[in-house]
Amino acid sequence: MDSSQTQTTSLQRLQDVEKKIVRVLELAGGVMDELANPTGPRKEFINNHCSEFMHMIKGIQSTLRDEIKSACEYRPFEKCDYSYRISNEICCKKLEHVLSQLDAMKQAIDQYHDAV
């Protein structure tokens, strides 16, 4: 899976979590409304909403935990070859310098042999 697909699915999962959070808030609001009901709260309504609330909270926590773990593992520069390219360029410059020094030494030796 390439990184753009991973990011897209991650964004989709986070958008789903956002929708679930909205639903959880609606459930909590429904329970609060039911508790404020002048005729008294309906036990089954409260139980159903609280059960759904807890189930959704657990799902949200699990998804967020996975997304945080995934984000911590994400290495955007993992496949970057910049440091290797720079290292190679430095090595090439060093080799060029050594070659120029060797050429200078060869010229000095040739001049010495010509003078003798």
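The structure under discussion appears in the preceding block.
Presented here is an overview of the structure given in this document. Owing to the predicted nature of the structure, the values given are computational and were not obtained by experimental measurement.

### Some details on the overall build of the protein chain
Of the regular secondary structure elements, the protein chain holds three helices and zero strands. When the helices and strands of the protein chain are read in sequence order from the N terminus, they spell out α-α-α. Residues classed as buried in the protein chain amount to 11% of the 116 residues present. Of the contacts formed within the protein chain by residues at least 6 apart in sequence, a portion of 65% connects residues at least 24 apart. Summing over all exposed atoms, the protein chain offers an accessible surface of approximately 10000 Å²; the carbon and sulfur share of this is 59%.

### What to know about the pattern of salt bridges
Across all of its chains, the model carries six salt bridges by this definition. Ionic pairing is found between Arg23 and Glu26, a salt bridge with its closest N-O pair at 3.8 Å. Pair noted here: Arg23 and Glu26 are both in helix H1 (residues 3–35), with a separation of three residues, about one helical turn. Taking the shortest distance from any N to any O, the salt bridge between Arg23 and Glu52 comes out at 3.3 Å. A residue pair is termed long-range when its members are at least 10 positions apart, and Arg23 in helix H1 and Glu52 in helix H2 (residues 43–73) qualify at 29 residues.

### A look at the nonpolar core
Soluble globular proteins tend to bury their nonpolar side chains together. Counting five residues, the largest nonpolar core is built from Val17, Val24, Leu27, Met56 and Ile60. At the level of secondary structure, the elements contributing two or more residues to this core comprise H1 and H2. Ranked by residue count, the leading element in this core is H1, at three residues. When neighbours within four sequence positions are excluded, Leu27 is seen to be in contact with His49, Glu52, Phe53 and Met56.

### Side note on H2
Taking 1.5 Å per residue, 31 residues should reach 45 Å; H2 reaches 45 Å between its end C-alpha atoms and fits that length. By the burial criterion, the buried members of H2 are Ile46, His49, Met56, Ile60, Thr63 and Glu67.

### Here's the deal with the side chain of Thr63
Among the secondary structure elements, Thr63 is positioned in helix H2. Those residues in contact with Thr63 that sit more than four places away from it in its chain are Arg13 and Val17.

### A look at the packing of aromatic side chains
Taken as a whole, this structure holds zero aromatic pairs when the rule is applied. Positioned above the aromatic ring of Phe45, the side-chain terminus of Arg42 is 4.9 Å from the ring centre.

Calculation rules
For every chain, the first residue of the written sequence is number 1, and numbering continues from 1 onward in sequence order. Where totals are concerned, whole chains, interfaces and linings use all residues; where local detail is concerned, this predicted model gives features only for residues with pLDDT of at least 70, and gives and counts side-chain atom pairs only at 80 or more. Excluding hydrogens and water, the side-chain values take into account all heavy atoms of the structure. Secondary structure is summarised from DSSP: a helix means a run of H or I of at least four residues, a strand means a run of E of at least two, and numbering begins at the N terminus for each. Burial classes: relative accessible area under 20% of the type maximum marks a residue as buried, over 50% as exposed, and values in between as partly exposed (1.4 Å probe, protein chains only). Throughout, a contact is declared for two residues whenever any of their heavy atoms are within 4.5 Å. All accessible-area figures derive from a Shrake-Rupley calculation using a 1.4 Å probe, and residue coverage is judged against the displayed protein chains alone. For salt bridges, the criterion is a side-chain nitrogen of Lys or Arg within 4 Å of an Asp or Glu carboxyl oxygen. Throughout this description, the term nonpolar core refers to a set of buried Ala, Val, Leu, Ile, Met, Phe, Trp, Tyr and Cys residues connected via side-chain atoms within 4.5 Å. Here, expected helix span is obtained from the residue count minus one, scaled by 1.5 Å. When the centres of two rings from Phe, Tyr and Trp lie within 6.5 Å, Trp using its six-membered ring, the rings pair. Their planes under 30 degrees apart give stacked, over 60 give edge-to-face, and anything left gives tilted. Here, a charge over a ring is recorded when the distance from Lys NZ or Arg CZ to the ring centre is within 6 Å and its angle to the ring normal is within 35 degrees.

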